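Topology and contacts: notes
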Amino acid sequence: MEERKKTNIILFSGDYDKAMAAFIIANGAAAYDHDVTIFATFWGLNAFRKDEKMNVEKGKMEKMFGKMMPRGAENMGLSNMNFAGMGPKMIKKVMKKHQAMPLSDLIEMAQEQEVNMVACTMTMDLLGLQKEELIDGLEYGGVAAYLAEAEDGQVNLFI
Amino acid sequence: MEERKKTNIILFSGDYDKAMAAFIIANGAAAYDHDVTIFATFWGLNAFRKDEKMNVEKGKMEKMFGKMMPRGAENMGLSNMNFAGMGPKMIKKVMKKHQAMPLSDLIEMAQEQEVNMVACTMTMDLLGLQKEELIDGLEYGGVAAYLAEAEDGQVNLFI
Amino acid sequence: MEERKKTNIILFSGDYDKAMAAFIIANGAAAYDHDVTIFATFWGLNAFRKDEKMNVEKGKMEKMFGKMMPRGAENMGLSNMNFAGMGPKMIKKVMKKHQAMPLSDLIEMAQEQEVNMVACTMTMDLLGLQKEELIDGLEYGGVAAYLAEAEDGQVNLFI
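Throughout what follows, the structure given in this document is the object of discussion. (Residues numbered from 1 in each chain as written. Chains lettered and ligands numbered in written order. Predicted model: local features only at pLDDT ≥ 70, side-chain atom pairs only at ≥ 80, totals over all residues. Heavy atoms only, no water.)

Brief notes about helix H2 (residues 60-68) of chain A
Taken together, the buried positions of H2(A) are A:Met61, A:Glu62, A:Phe65 and A:Gly66. Buried positions in H2(A), seen along its axis, are confined to an arc of 140° and lie on one side of it. Within H2(A), the exposed residues directed more than 90 degrees away from the buried face are A:Lys60, A:Lys63 and A:Lys67. Elements that come into contact with the buried residues of H2(A) comprise helix H5 (121-127) of chain A together with helix H3 (86-97) of chain C. (Buried < 20%, exposed > 50% of the residue type's maximum accessible area, 1.4 Å probe, protein only. Helix = DSSP H or I, 4+ residues; strand = E, 2+ residues; numbered from the N terminus. Arc of directions from axis to C-beta. Contact = heavy atoms within 4.5 Å.)

Right under this line is the structure:
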């Protein structure tokens with residue numbers, strides 16, 4: 001029996017468009033029967049935040065980061081032509097017209113296709129993000145977990 | 001006979017310097033006898049726009065995107081030190097002095113070296129870009145076309 | 001005897017957080033017995049600048065670039081939430097609190113773990129950076145040096 005191929009994506013970016021690219025590739029690879037993992041680190045973790053405010057104990061600094069960073073996929077900005085928030089609205093309007101899936105649906109689809117989603121614990125620690133603030137169904141790990149997958153991967157990307 | 005190696009680059013970025021990096025690697029890999037593919041998606045597609053305005057029918061939103069996005073390689077900005085357009089001029093001046101190829105020449109060289117250039121049809125649809133507005137010699141495809149190449153690739157990069 | 005695996009990272013970005021990610025992955029891969037190479041190109045070269053001003057002869061343009069670009073790892077900005085320099089200070093404060101290594105320590109650790117660090121000579125030429133301005137222990141090369149490593153790499157990333 002042939003071994004399944006592996007796609008491993010590090011999602012570092014907190015931009016809506018880059019996260020879309022990551023999840024479109026992840027969903028495509030899953031449809032092609034790859035084992036797919038998305039490791040969200042640094043600003044990429046924002047895609048996994050819940051959109052409501054959770055009641056968790058935090059330090060002052062961590063509270064500030066929590067406030068300044070977008071809460072969840074649909075609140076992220078664009079890497080380009082963001083225009084103080086106008087850009088994302090325009091893109092989403094155009095996406096709706098062309099029946100393209102919004103990021104939150106792409107993430108849901110990835111979960112249905114059993115894409116592994118790993119939240120970087122080092123970043124969670126640094127930015128003061130707690131498990132209660134992130135969506136369900138995530139795994140938790142660090143650079144070792146990433147490398148264990150990536151060294152056997154066919155498609156390894158940093159986004 | 002040994003199989004040829006494969007380099008596959010996703011060009012997501014619409015920055016002049018990042019696109020330069022993509023095409024320098026692509027041309028290098030082609031010179032090393034790799035089969036090379038550049039998949040331009042999202043803002044990366046701007047590198048493949050013609051620099052003149054084409055007469056094509058468009059919706060209002062698509063017209064706006066078309067106007068706001070740079071028309072072709074030499075009109076793109078920098079990822080860093082762009083200084084409202086001053087940066088690209090400075091870089092190009094310095095490039096000329098050191099006889100480095102401008103991006104438009106790097107793209108032409110890639111075409112001469114038979115680098116496959118694929119324009120992402122999903123992005124074209126979203127941003128309202130039509131074939132007539134893009135340079136000649138492109139192929140057209142989506143995430144499936146990318147994965148078919150990338151899963152056998154030695155060098156897979158997301159730029 | 002099994003061959004050692006290879007991790008090759010192109011560090012294009014001049015952002016503190018992205019360079020941190022690059023060196024965390026590099027150090028992790030070295031700990032996993034990979035042969036690891038970091039190719040610093042374009043703005044990524046700033047991570048390898050010495051933090052003091054060196055006395056070297058330069059053209060006018062090259063002097064200007066030298067002045068505008070950050071001198072060394074600890075003077076780089078963030079890719080996100082930079083807030084005119086406030087962001088890096090906040091991140092470093094939070095990193096200290098959580099005993100995370102600053103970028104300059106991550107680079108030193110990489111050198112101790114024998115990560116190959118290659119400075120892109122084409123960029124040095126363009127931006128007018130000279131060997132005297134960069135930290136010790138670097139190698140120097142171009143796209144050919146990169147591809148020679150990358151075509152046998154298991155983990156190839158563009159950051």
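Looking at the packing of helix H3 (residues 86-97) of chain B against helix H2 (residues 60-68) of chain C
One way to put it is that H3(B) packs onto H2(C) with a least axis distance of 11 Å and a crossing angle of 135°. As the angle between them shows, H3(B) and H2(C) are arranged oblique. The crossing of H3(B) and H2(C) is left-handed. Here B:Met90, B:Ile91, B:Lys93, B:Val94 and B:Lys97 of H3(B) lie close against H2(C), whose contacting residues are C:Met61, C:Glu62, C:Met64, C:Phe65 and C:Met68. Among the residues making up the contact of H3(B) with H2(C), the classes are represented as seven nonpolar, no polar and three charged. (Axes fitted to C-alpha atoms, helices over the stretch in contact; angles between N-to-C directions. Parallel < 35°, antiparallel > 145°, perpendicular 65-115°, else oblique. Left-handed = near helix turned anticlockwise from the far one by under 90°. Nonpolar A, V, L, I, M, F, W, Y, C, P; charged D, E, K, R; others polar.)

What about the pairing of strand S1 (residues 6-11) of chain A?
A regular strand places its side chains on the two faces of the sheet in alternate fashion. Residue and element names in this part refer to chain A. Summarising burial for S1: six of the six residues are buried, a large majority. Here S1 shows no split at all, with Lys6, Asn8 and Ile10 on one side and Thr7, Ile9 and Leu11 on the other all buried. In this sheet, strand S2 (residues 35-40) lies alongside S1 in parallel orientation, the contact comprising six bridges. Paired with Ile10 across the bridge in S2 is Phe39. Once the chain exits S1 it traverses helix H1 (residues 16-31) before rejoining the sheet at S2, and the crossover so formed is right-handed. Relative to strand S5 (residues 155-158), S1 is paired through four bridges, and the arrangement is parallel. (Pairing = 2+ DSSP bridges. Right-handed = clockwise from strand over helix to strand, strands pointing away.)

Some details on the sheet that holds strand S5 (residues 155-158) of chain B
Residue and element names in this part refer to chain B. Taken in spatial order, the five strands of this open sheet run S4-S3-S2-S1-S5, and their pairing is parallel. Where the open sheet ends on each side, the last strands, each with one partner, are strand S4 (139-141) and S5. The mean angle between the axes of side-by-side strands here comes to 20°, regardless of whether they run parallel or antiparallel. Alignment of strand S3 (residues 116-120) against S4, held across three bridges, turns out to be parallel. From the neighbouring strand, Cys120 faces S4, where its bridge partner is Gly141.

Overview of the relation of the copies chain B and chain A
With an axial shift of 0.0 Å and an RMSD of 0.0 Å, the rotation relating chain B to chain A amounts to 120°. In the structure described here, the two chain copies are related by an operation that fits a three-fold rotation axis. Each copy contacts the other with its own distinct surface, as only 15% of the interface residues of chain B are interface residues in chain A too. (Least-squares fit on C-alpha atoms with pLDDT ≥ 70 in both.)

Concerning the packing of aromatic side chains
For the coordinates displayed, the defined rule picks out 12 aromatic pairs over all chains. Summarising the aromatic geometry, the rings of C:Phe23 and C:Phe48 are spaced 6.3 Å apart at their centres and angled 75° between planes, so their arrangement reads as edge-to-face. Note that C:Phe23 is positioned in helix H1 (residues 16-31) and C:Phe48 in the loop between strand S2 (35-40) and H2, a separation of 25 residues in sequence. Joined through ring pairs, the aromatic side chains of A:Phe12, A:Phe42 and A:Phe158 make up one cluster. Here the guanidinium or amino end of A:Lys131 rests over the ring plane of A:Tyr140, the centre of that ring lying 4.3 Å away. (Phe/Tyr/Trp six-rings, centres within 6.5 Å; stacked < 30°, edge-to-face > 60°. Lys NZ or Arg CZ within 6 Å of the ring centre and 35° of its normal.)

Things to note about the layout of surface pockets
The computed volume of the largest pocket comes to approximately 980 Å³. Taken together, 41 residues form the lining of the largest pocket, with A:Ser79, A:Asn80, B:Asp15, B:Leu78 and B:Ser79 sitting closest to its centre. In terms of lining, the second largest pocket is formed by 24 residues, of which the most central are A:Ile24, A:Ile25, B:Cys120, B:Met122 and B:Val143. Only H1 and helix H4 (103-112) of chain A together with strand S2 (35-40), S3 and helix H6 (143-150) of chain B provide two or more residues apiece to the lining of the second largest pocket. (1 Å grid on protein atoms, 1.4 Å probe; cavity = no way out; pocket = protein on both sides within 12 Å on 5 of 7 lines; lining within 4 Å. Points joined across faces, edges and corners; volume = space filled by probe spheres on them.)

Some details on the interface of chain C and chain A
Each side of the interface is counted separately: chain C has 30 residues, and chain A has 26 residues. Looking only at chain C, the three residues that lose the most surface to chain A are C:Tyr32, C:Met81 and C:Met90, adding up to 21% of its buried area. At the junction of chain C with chain A, the criterion picks out two salt bridges. As a salt-bridge pair, A:Asp152 and C:Lys5 come within 3.2 Å of each other at their nearest N and O atoms. Linking chain C with chain A are eight residue pairs in polar contact (both at pLDDT 80 or more), by the criterion used here. (Buried area = accessible area lost by both parts, 1.4 Å probe. Salt bridge = Lys/Arg side-chain N within 4 Å of Asp/Glu carboxyl O. Polar contact = N/O pair within 3.5 Å; in protein donor to acceptor, adjacent residues only side chain to side chain.)

Quick look at the nonpolar core
Counting 172 residues, the largest nonpolar core has A:Phe23, A:Phe48, B:Phe23, B:Phe48, C:Phe23 and C:Phe48 as its most contacted members. Those residues in contact with A:Phe23 that lie beyond four places of it in its chain are A:Leu11, A:Ile38, A:Phe48, A:Leu103, A:Leu106, A:Ile107, A:Ala110 and A:Met117. (Core = buried A, V, L, I, M, F, W, Y, C linked by side-chain atoms within 4.5 Å.)

Structural notes on the pairing of strand S3 (residues 116-120) of chain A
Residue and element names in this part refer to chain A. Counting buried residues in S3 gives four out of five residues, a clear majority hidden from the surface. Where S2 and S3 come together, four bridges link them in parallel fashion. The residue of S3 that forms the bridge with Thr37 is Asn116. For the handedness criterion, the β-α-β arrangement of S3, H5 and strand S4 (residues 139-141) is classed as right-handed.

Re the environment of B:Gln113
Residues and elements named next belong to chain B. Its location among the elements puts Gln113 in the loop between helix H4 (103-112) and S3. Using a relative accessible area of 28% as the deciding quantity, one classes Gln113 as partly exposed. A sequence separation of 98 residues divides Gln113 from Asp15, and the C-alpha atoms of the two residues are 23 Å apart.

Quick word on the environment of C:Gly28
All names here are of chain C. Along the chain, Gly28 turns up in helix H1. By relative accessible area, Gly28 is classed as buried at 10%. Gly28 sits 116 residues away from Ala144 along the chain, and the two C-alpha atoms are 25 Å apart.

So, the sheet that holds strand S3 (residues 116-120) of chain C
Residues and elements named next belong to chain C. Within the open sheet, the five strands sit side by side as S4-S3-S2-S1-S5. Their pairing is parallel. Each having just a single partner strand, strand S4 (139-141) and strand S5 (155-158) make up the two edges of the open sheet. Sheet twist, expressed as the average angle between the axes of neighbouring strands with direction ignored, equals 20°. The strands touched by helix H6 (residues 143-150) are strand S1 (6-11), S2, S4 and S5; relative to S1, the strand with the most contacts, the crossing angle is about 150°.

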